[in-house]
Amino acid sequence: MMKQIQATHSPDGREFAVKPLLHIAEDVFQRSRPGVLAIGGEPTVRIGAQQAQLDALEDKVLENGLHETLEILSFTINKIACEISCKCSGGGDAHATTMSIFNIVSSYSWDAKVVLALAAFAVNYGEFWLVSQLYLTNPLAKAVALLKQLPDILERADALKTRFEALSNLIRAMMEVAKCIVEFKELPSQYISHDTPELLTATAHIPTAVYWTIRSIVACATQIIGLIGMGHEYIASTTEAWELSSMAHKVTNIHSHLMKQLTVCYQHIDEKRHIEAYQALIRLFEIVHIDNMKILRALIYAKDDQLPLFDGNTKRRASLDVLRRKNVLLLISDLELSHEELSMLEQMYHEARQHPTRLESQYEVVWMPVVDRSTPWNEEKQKAFERLQGMMPWYSVYHPSLIDLAVIRYTKEVWHFNKKPLLVVLDPQGKVVNPNALHMMWIWGSLAFPFTSAREEALWKEESWRLELLADAIDPVILSWIAQGKFICLYGGEDMDWIRKFTTTAQAVARAAGITMEMLYVGKSSPKEKVRKNNVMVQSESLSHVLPDLTLIWFFWVRLESMWHSKVQHNRTVENDAIMQEIVTMLSFDGSEQGWAVVSRASAEMTKAKGETILKSFMEFDEWKELAQEKGFVPALNDYLLGLHTPHHCNRLILPGSTGSIPDRVVCAECGRPMEKFIMYRCCTD
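This structure is a prediction, so every number in the text was calculated from the model and none was measured.

## Remarks on the overall build of the chain
Now for step 1: In terms of helices and strands, the chain carries 28 helices and twelve strands.
Now for step 2: Taking all 686 residues of the chain together, 49% fall into the buried category.
Now for step 3: Accessible area of the chain: about 34000 Å², with a carbon and sulfur share of 53%.

Next comes the structure, spelled out in structure tokens:
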């Protein structure tokens, strides 16, 4: 059978716009529904409404230039309509009738064949229902209806209900298949060529689909023509309805299969478009621009009629123009941005906005939510997004769908976004001046403006390892203690027994040394319930000062991690950078199971040690008491700690695994040997 069909196919290259013709056919089928019968009453549609529909149809025909097309095709359409009427009236073989239609349309493409056949059937079907609908109100329609014996059929409309429903279902299925075939023809050739495997697989099934659609047209036409002049016995028969339903089931299955193939083709097209858009984005960032608008429009999908931003201050939508020629900080994160991160960023943003005329306040923040598109967007995700967006005082992208997949790929492959938030800095010309300024922001706040990598390098050159760097902005009281020249002890860990011993011993040593020592508990990174309970106990037992909020404890450790990442970005290591050595030591303290302490006076004097070592040195204060009077408390303590040091140690440096910037080689801050690398999975529910 397929060989027969292929033998009739000899296209001569003639093309016409099939979609407008398909729309007209669909319009006929929709207006010819059996339910539109106006039996025993007035027409269901008012004259004014009818005229409006006719005008709309006429406009559509003119707009699509269909008049010229129909002038060329009308003969072919009429020929097919006559063939259908003639062959179906004689009760001929359905396959033979179908093949005769194939012969008429042999010089057309597959999509044109099926659309021409549907248009021809629409003529016959439309004429039948036009007379049926008007015969009670229009004398001409009544005369034609009498000649066709339609009144007898329409009076028994209830008995024909099942058959008409089956007819409507089959016509609907035929239209769906035709639309699908036309859609294959309209696939963009620049993204999917005819020899693409995905399209080859699909087009192999199209001749079969065209055959069964035209075969269904023949079946429908046979049913309509069969009603004319037939008696009550034919009307009462249910066999025909069953045959139509079987055909509809077959055509529906064909449509489902074609749609699956079409989906595969669209996936191929999307991939090609995605690659093209990604490469265009790479090229765009390599070009020098007058302002930042081209870059921003590429990053945040913006049609002319859309306002792609949401202003967190006014709670209204905004255009990208509000960012023109400004320093823009792109906050890139998923929907799991932590409360601590958001809280600290908000605090810094508000501090900058209190002095809007200052140079370091001349920037805008835009949140770009990057979400996983492989899972469907649901109400839960929408609520999480709206909750975060509502908490932000700065601009945000109005909806995650406005960020193209190519942009998401760019953030991951070029800017190395991987779960952990990024703060990408664009200068007023849209150039990336820092791939992640979040570390700068945590370390120096607005002082880091304009947040460029060059500014970061300059700030590090001015820095030394001192208490102000370690604990700046954590608690204002620390700066007050430094100004007063007091001795300061920062300590941490989770072991409450060690905390009690250490604080009690340290205070006794301070009294014995005749010094004032202020102590502050800074807990542990990622503080949980245990640190919160420790905070409460330290405060209630008056062991030392505490940071009043767990967010501040989190921030203390995040700043240290940020210092590490910032140094890594600038290729600094323990071997070539003194500050890096101190940072790694502090992070190693946090990675251990025991406590630790840093003792300082002003900026010049600092020493540190693990919990057991520094507790032992304080308990043996009598042995270095005289040295403390000669050299000073901190230098003497440092010397004594060095004397207690043994080569045996086990230091652990624990860093978040999703930062995307973990170097392959890290050396121990204590002995300089390369540290072993392990993968750790942690679940802390304390």
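## Comments concerning the sheet that holds strand β9 (residues 517–521)
Now for step 1: Within the open sheet, the five strands sit side by side as β10-β9-β8-β11-β12. Their pairing is mixed. Each having just a single partner strand, β10 (545–546) and β12 (605–610) make up the two edges of the open sheet.
Now for step 2: Contacts from helix α26 (residues 611–619) reach β11 (596–601) and β12 within the one sheet, and its direction differs from that of β12 by about 115°.

## Overview of the pattern of salt bridges
Now for step 1: One pass over the full model with this rule turns up 28 salt bridges.
Now for step 2: Of the charged contacts, one joins K185 and D111 as a salt bridge, the two residues approaching to 3.4 Å between their closest N and O atoms. Residue K185 is located in helix α9 (residues 161–185), and its partner D111 is located in helix α6 (residues 110–134); the two are separated by 74 residues in the primary sequence.
Now for step 3: The exposure class assigned to D111 is buried, which follows from its relative accessible area of 6%.

## A look at the environment of N103
Now for step 1: If you trace the backbone, N103 turns up in helix α5 (residues 94–104).
Now for step 2: Spatially, the C-alpha atoms of N103 and I5 are 8.9 Å apart, while their sequence positions differ by 98 residues.

## Some details on the confidence of the model for the chain
Now for step 1: Confidence along the chain averages 83 in pLDDT terms, with 84% of residues attaining 70 or more.
Now for step 2: By mean pLDDT, the top-scoring element of the chain is strand β5 (residues 395–397) (95), and the lowest-scoring one is helix α12 (residues 232–236) (50).

## Points about the nonpolar core
Now for step 1: Core analysis: the biggest nonpolar cluster contains 102 residues, and L470, Y491, F502, F556, L560, F618 and F633 have the highest contact counts within it.
Now for step 2: Tallying contributions element by element places helix α24 (residues 550–569) first for this core, with eleven residues.
Now for step 3: Residues contacting F618, with those up to four places away along its chain left out, are F502, T505, A506, V509, V599, W624, F633 and L637.
Now for step 4: Formed by 80 residues, the second largest nonpolar core is a distinct cluster that contains L73, F121, F164 and I224.

## Quick word on the sheet that holds strand β1 (residues 309–311)
Pairing between the strands of a sheet is mediated by backbone hydrogen bonds and can be parallel or antiparallel.
Now for step 1: Here seven strands make up an open sheet; going across it, the order is β2-β1-β5-β4-β3-β6-β7 and the pairing mixed. Lying at the two open borders of the sheet, with one neighbouring strand each, are β2 (316–318) and β7 (432–434). Taking the axes of each pair of neighbouring strands and ignoring which way they run, one obtains an average angle of 35° across the sheet.
Now for step 2: Across the sheet, helix α15 (residues 339–353) lies against β3 (327–333) and β4 (363–369), angled at about 155° from β4, the strand it touches most.

## Observations regarding the packing of aromatic side chains
Now for step 1: Counting across every chain of the model gives 38 aromatic pairs.
Now for step 2: Pairing F589 with W596 gives two aromatic rings, centres 6.1 Å apart and planes at 15°, and the pair type is stacked.
Now for step 3: In this structure an aromatic cluster arises from ring pairing among F487, Y491, W498, F502, Y521, F618, F621, W624, F633 and Y640.
Now for step 4: Lying over the aromatic face of Y398, R317 brings its terminal NZ or CZ to 3.6 Å of the ring centre.

Reading guide: rules and limits
Residues numbered from 1 in each chain as written. Predicted model: local features only at pLDDT ≥ 70, side-chain atom pairs only at ≥ 80, totals over all residues. Heavy atoms only, no water. Helix = DSSP H or I, 4+ residues; strand = E, 2+ residues; numbered from the N terminus. Buried < 20%, exposed > 50% of the residue type's maximum accessible area, 1.4 Å probe, protein only. Areas by Shrake-Rupley, 256 points an atom, 1.4 Å probe, with all protein chains shown as cover. Pairing = 2+ DSSP bridges. Contact = heavy atoms within 4.5 Å. Axes fitted to C-alpha atoms, helices over the stretch in contact; angles between N-to-C directions. Salt bridge = Lys/Arg side-chain N within 4 Å of Asp/Glu carboxyl O. pLDDT = per-residue confidence, 0-100. Core = buried A, V, L, I, M, F, W, Y, C linked by side-chain atoms within 4.5 Å. Phe/Tyr/Trp six-rings, centres within 6.5 Å; stacked < 30°, edge-to-face > 60°. Lys NZ or Arg CZ within 6 Å of the ring centre and 35° of its normal.

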